[in-house]
Amino acid sequence: MAPVAAQPRLTPAATEMALAALKQLLGDRLTTAQAVRDQHGRDESWNPPFPPDAVAFPHSTEEVSEIVKICAAHGLPIIPYGAGTSLEGHVTALQGGISIDLMQMNKVLQVNAEDLDVVCQPGVTRKQLNEYLRDTGLFFPIDPGANASIGGMVSTRASGTNAVRYGTMRENVLALTVVMADGRIIRTSKRAKKSAAGYDLTRLFTGSEGTLGIITEITLKLYGIPEAMSSAICSFATLEGAVNTVIQTIQAGIPVARIELLDDVQVDAINRYSKLDMPVQNLLMLEFHGTEAAVAEQAEMVQSIASDHGGNNFQWTTKPEERARLWQARHDAAYASKALRKGCEVWATDVCVPISRLAECILETKEDVVKTGLTAPLVGHVGDGNFHLAIVLDRNNPAEIETIEAFNERLVHRALRMDGTCTGEHGIGRGKMKYLTAEHGEAVAVMRAIKKALDPDNLMNPGKIFSI
């Protein structure tokens, strides 16, 4: 589908004046080439694309500051851009403006091995970071699946397969350097593991989706690479048996590192796409970290719980290449789903509920899928109550989109009714704006007040999270 036209905030003459000033600053690192603009106007979501007027490629915090000052002086909207793997239309330029591509700011600046932390620029990807850390005996565990940029992961408060043990980005960001909407540069914290000094600005900007400022340096927690890692799969005839295994495992306090649920439709799609031969049943994929003895004990405990709930074909491996192949197949689940219907796209849902309501929410949702007749493989980071449906859709079929919109609305309100959230990790972007008030009520007015205080001209990623 061709990019949709934006609703520009500035006249063409005013935009040209702003771009001329940016060109003088950046030279060839500012481009108005249509192909580059189109690339930066879309992410991996179902949302229609909106290209920016130009794309800038800064190399430093100071350059980002100068870009922002020019944009602020001319009233030109600013959209931060990372790896482009977001899933709710976060990077679309709804009002035109400039996309600031931070991927050339990709240096690891400082590793403090004794303190278990690292300082890096936002364009560093999670795989690049762990490759850099490999010889230190440390690693960064947050794994959203895609090879996302660290800056993007902070901006969307990303999570993923390891969150059940290591937490989300919220728990693993220690400090940020941020360029504010007027070009000022601030640092939100020092490297100390805790602080009671003033407002927690680090948490404020973590998950702000580029609407409050541009993150240009990040300090992250690191962890020691476990002595042993073991991955396992276990099949279930029923979804209820698989989910109850998850709930009992978490409630028993077994420190599982990853516990992922795939329904039979998703397993079938992965088998076809990744050339695997897993049993086409509901499946749990697990990973255990620790000493060799602890990993073996954890696996045996989970196997016992799974057996009580109808689990079978329990298999595990400690071989790195087999583990990598298994988890790569899991990370490719969205592409495997997309391949089920030629020429179609995926609408990825993203709700999260308290673990005690997980079985109820998943089973009701699965019934809705069957009644609605959707092709919608289910997969989830179920150790923390988060699950997704990869609904395969034809964007050019209005009736189908209308059906899916109604289904997604029922799913979100089902999660909210169970004291859950409309998004466990993808963020709001523009795709879930209408659900924010349903979830947070009057708290949204407080969010708007913060936005207006820090970005009074609404230049930072306008049209995302809520309208101003």
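In short, a report on the structure. Just so it is clear, the model here is predicted, and its values are computed rather than measured. (Residues numbered from 1 in each chain as written. Predicted model: local features only at pLDDT ≥ 70, side-chain atom pairs only at ≥ 80, totals over all residues. Heavy atoms only, no water.)

## As for the environment of V351
Tracing the sequence through the fold places V351 in strand β17 (residues 351–352). Given the relative accessible area of 1%, V351 is considered buried. V351 has contacts with G385, N386, F387, L411, V412, A415, T421 and C422, leaving out every residue within four places of it along the chain. (Helix = DSSP H or I, 4+ residues; strand = E, 2+ residues; numbered from the N terminus. Buried < 20%, exposed > 50% of the residue type's maximum accessible area, 1.4 Å probe, protein only. Contact = heavy atoms within 4.5 Å.)

## Things to note about the environment of L30
Tracing the sequence through the fold places L30 in strand β1 (residues 30–31). Separated by eleven residues in the primary sequence, L30 and L19 place their C-alpha atoms 8.4 Å from one another. Setting aside its immediate chain neighbours within four residues, L30 contacts L19, L22, K23, A54, V55, A56 and I98.

## Quick notes on the packing of aromatic side chains
The final tally for this structure, using the stated rule, is four aromatic pairs. Judged by centre distance (5.7 Å) and plane angle (90 degrees), the rings of F139 and Y166 are edge-to-face. Note that F139 is positioned in strand β7 (residues 138–139) and Y166 in helix α6 (residues 163–166), a separation of 27 residues in sequence. A single burial state applies to F139 and to Y166, both of which are buried. (Phe/Tyr/Trp six-rings, centres within 6.5 Å; stacked < 30°, edge-to-face > 60°.)

## Structural notes on the sheet that holds strand β3 (residues 78–81)
Ordered by their spatial adjacency, four strands build an open sheet running β1-β2-β4-β3, and the pairing between neighbours is mixed. Bordering the open sheet on either side are β1 and β3, each of which pairs with just one other strand. Pairing analysis gives two bridges linking β1 to strand β2 (residues 54–56), with the strands arranged antiparallel. Pairing of L30 across the sheet is with A56, part of β2. Each of β2, β3 and β4 (98–101) touches helix α3 (residues 61–74); the most contacted strand, β4, lies at about 170 degrees to it. (Pairing = 2+ DSSP bridges. Axes fitted to C-alpha atoms, helices over the stretch in contact; angles between N-to-C directions.)

## What about the pairing of strand β6 (residues 117–120)?
Here β6 shows a buried face lined by D117 and V119 and a second buried face lined by V118 and C120. Adjacent in sequence and paired antiparallel, strand β5 (residues 108–112) and β6 are bridged by four residues, among which L116 carries a positive phi angle near 55 degrees. Relative to strand β10 (residues 213–221), β6 runs antiparallel, the two being bridged by four bridges. Bridged to D117 within β10 is K221.

## Examining the environment of H426
Examined against the element boundaries, H426 turns out to sit in the loop between α15 (398–417) and α16 (433–440). Assessed through its relative accessible area of 11%, H426 is described here as buried. Considered as a pair, H426 and W46 are 380 residues apart in the sequence and their alpha carbons are 13 Å apart.

## Concerning the sheet that holds β6
On the basis of which strands lie adjacent, the open sheet formed by five strands has the order β5-β6-β10-β8-β9 and antiparallel pairing. Of all strands in the sheet, those with a lone pairing partner are β5 and β9 (185–187), marking the two edges. Going from strand to strand, the sheet's axes swing by 15 degrees on average, the running direction of each strand aside. Sheet strands in contact with α3 are β8 (173–180), β9 and β10, and its direction is about 40 degrees off that of β8.

## Re the side chain of D101
With respect to the element layout, D101 can be found in strand β4. Summary of buried charges: D101 has no salt-bridge partner, and the nearest side chain of opposite charge, R29, is 11 Å away. Separated by 2.6 Å, the side chains of D101 and H40 make a polar contact. Not counting residues within four places of it along the chain, the set of residues in contact with D101 comprises H40, V55, A56, F57, P58, Y81 and G82. (Lys, Arg positive; Asp, Glu negative; His and termini not counted. Salt bridge = Lys/Arg side-chain N within 4 Å of Asp/Glu carboxyl O. Polar contact = N/O pair within 3.5 Å; in protein donor to acceptor, adjacent residues only side chain to side chain.)

## Brief notes about the side chain of K366
Relative to the elements of secondary structure, K366 occurs in helix α14 (residues 358–372). Residue classification places K366 among the buried residues on the basis of a relative accessible area of 19%. Polar contacts involving the side chain of K366 include one to the side chain of D263, which spans 2.5 Å. Setting aside chain neighbours within four positions, we find K366 in contact with L239, D263, D264 and V265.

Geometry only, nothing functional implied.
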